[in-house]
Structures are given as structure tokens and as C-alpha cells.
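Structural features, examined
The chain contents come next:
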Amino acid sequence: WMPKSCCLAPARPARRGIGLLICLILAGVAVGMNTSRLAKQSRRTVAARADLERYTRQLAPRSSELYVTWASSYPFELLSPFDNLQSFADFHVFALSWPQATPVQQRLKQHFRVADIPRALYERADVKMIAEKDLWPLYARYVEEHHGLLVEIRPAGRAPGLQPEVQGSMRLASPISWRGITR
């Protein structure tokens, strides 16, 4: 037996209802804000994918050409297996970063008979680089230090509409070729 003054009275249903309503409102606001953020991000990604596809079409890659990409100059992360990848069918890309040691990239070098990528860039017209302007002096310095040769840049794009810095909503570099200059 317990006296009535000792018993804990259950919370009033009205208080529980108000607390639950506040929680539901806050959850709804959070879901709405997150959905809005994800929708904006999705629209930006779709636009960037379209820009990348348009850039690659303008590039008009040929099956006899090898494109060397350096750093984040070509945003591969935008490619989706659900996109129409027809414009990439003849686009042979060698990534001048960690994937270059993979078997796929090694087979690509063998297919194009390239033993030394930096040398091929300045000796062969069918090997082109896609790199941002900030990286050009680094390549030139590398060739000078390792091959004892000065190099100069020459545009390699066939499409006159390619802009070197901004293509739509993203920053893409126009392809370039190099020409060796003896000292």
C-alpha cells in the first residue's frame, strides 16, 4: 500500500502530444532542408555531366589518339554507367596519377607502343595532354631536367569552340601537344 501523495502521476496526454508534434515538425523541417540540398546538388551534377559529355564530343577523340590526363584535369567521377557513353568510345585515356601502374593502363601503353609518357608527349602528335595551365610549367621542367630538352606548348584541339578554362559550369582544360626544342 502506498499513500496517494507518493504516487507519481502519469504525464498529462496534452503535454506528450505537444512534445510529439514539435518533434514531428522539426523532423519535417530537417527532411525538407536536406531534400532541397540534395536536389540542388543533383542538378549541379547533371549539368556537369552534360558539360563533360559536350566537351568530349567537341574534343572528337580518334581511336588512334592517346590522351594523357594529369591530376584532376578530367573529372572521371562524373561518368555514370547509366549515361550514354558513346562519345567516350574512341577516347583512350592514360591517367598520369596512381592508376598508371594498373594492368589496364599498362596495356594501353603497350597498345600505343609508348614506353615513356613524358617523351611521347613531345615526340608524338598522337599523344596529347589534358592538363590545367598551372601544371604546364611542371611538365616542361620535368622534361628539361630528365631529358635535357626545352618544350613548348601547341594547341591540339580540332574543335575551335573549346575554351581552355571554363566549359559550361565546370573548369576543363583544352588538350595540348608539346614540341621539343633542342638547346
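For clarity, every value in this text was computed on a predicted model and none was experimentally measured.

Cut-off values and rules
- Residues numbered from 1 in each chain as written.
- Predicted model: local features only at pLDDT ≥ 70, side-chain atom pairs only at ≥ 80, totals over all residues.
- Heavy atoms only, no water.
- Helix = DSSP H or I, 4+ residues; strand = E, 2+ residues; numbered from the N terminus.
- Buried < 20%, exposed > 50% of the residue type's maximum accessible area, 1.4 Å probe, protein only.
- Contact = heavy atoms within 4.5 Å.
- Areas by Shrake-Rupley, 256 points an atom, 1.4 Å probe, with all protein chains shown as cover.
- Phe/Tyr/Trp six-rings, centres within 6.5 Å; stacked < 30°, edge-to-face > 60°.
- Polar contact = N/O pair within 3.5 Å; in protein donor to acceptor, adjacent residues only side chain to side chain.
- Core = buried A, V, L, I, M, F, W, Y, C linked by side-chain atoms within 4.5 Å.
- Patch = residues over 30% accessible without salt bridge, like charges linked within 9 Å, V, L, I, M, F, W, Y side chains within 5 Å.
- Salt bridge = Lys/Arg side-chain N within 4 Å of Asp/Glu carboxyl O.
- Expected span 1.5 Å × (residues − 1).
- Arc of directions from axis to C-beta.

**Some details on the overall build of the protein**
Helix and strand counts for the protein stand at four helices and seven strands. Put simply, the protein has 183 residues, and 33% of those count as buried. Residue pairs in contact within the protein that sit at least 24 positions apart in sequence constitute 71% of those at least 6 positions apart. When the accessible surface of the protein is split by element, carbon and sulfur atoms take 61% of a total near 12,000 Å².

**Concerning the packing of aromatic side chains**
Within this structure, the stated rule accounts for four aromatic pairs. Ring centres of Tyr55 and Tyr74 lie 6.3 Å apart, and the angle between their planes is 45 degrees; this geometry places the pair in the tilted category. You can see Tyr55 sitting in helix H1 (residues 13-59) and its partner Tyr74 sitting in the loop between strand E1 (66-70) and strand E2 (92-96), a full 19 residues away along the chain. You can call Tyr55 buried: its relative accessible area is 0%. The exposure class assigned to Tyr74 is buried, which follows from its relative accessible area of 2%. Summarising the aromatic geometry, the rings of Tyr74 and Phe76 are spaced 5.0 Å apart at their centres and angled 55 degrees between planes, so their arrangement reads as tilted.

**Focus: the side chain of Glu65**
Within the element layout of this structure, Glu65 appears in the loop between H1 and E1. Note on Glu65: relative accessible area 4%, which makes it buried. Here the side chain of Glu65 touches Arg62 through a polar contact of 3.0 Å, landing on its backbone nitrogen.

**What about the nonpolar core?**
In this structure, Leu66, Val114, Ile117, Leu121, Val127 and Tyr139 are the most contacted members of the largest nonpolar core, which totals 21 residues. For this core, the secondary structure elements donating two or more residues are E1, helix H3 (117-123), strand E3 (127-130) and helix H4 (136-147). Look past the residues within four positions of Ile117 in its chain and what remains in contact with it is Leu66, Val68, Phe94, Leu96 and Lys109. Among the nonpolar cores identified, the runner-up in size contains 11 residues, and Tyr55, Leu59, Val93 and Ile130 belong to it.

**Examining a nonpolar patch on the surface**
On the surface, a cluster of nonpolar side chains totalling about 410 Å² of accessible area is made up of Leu21, Ile25, Val29 and Met33. Relative to the assigned elements, Leu21 resides in helix H1.

**Details of the pattern of salt bridges**
Applying the stated criterion across every chain yields a total of seven salt bridges. The salt bridge partner of Asp51 is Arg54, with a shortest N-O separation of 2.3 Å. Taken together, the positions of Asp51 and Arg54, both in helix H1 and three residues apart, correspond to about one turn of that helix. Here Arg54 falls in the partly exposed class, since its relative accessible area comes to 34%. One salt bridge in this structure joins Glu145 and Arg141, with 2.8 Å as the shortest N-O distance.

**Structural notes on the environment of Leu96**
Relative to the helices and strands, Leu96 resides in strand E2. Along the sequence, Leu96 and Met129 sit 33 residues apart, while their C-alpha atoms lie 9.6 Å from each other. The contact partners of Leu96, leaving out residues within four places of it in the chain, are Val68, Thr69, Trp70, Ala71 and Ile117.

**Description of H4**
Look at H4: 16 Å from first C-alpha to last across 12 residues, which is about the 16 Å you get at 1.5 Å a residue. Among all positions in H4, only Trp136, Tyr139, Ala140, Val143 and His147 are buried. Along the axis of H4, the buried positions cluster into a sector of 100 degrees, meaning they face one direction only. Opposite the buried face of H4, at more than 90 degrees from it, the exposed residues are Pro137, Arg141, Glu145 and His146. Just downstream of H4 lies Gly148, where phi reads positive at about 65 degrees.

Worth remembering: the numbers are spatial, not functional.
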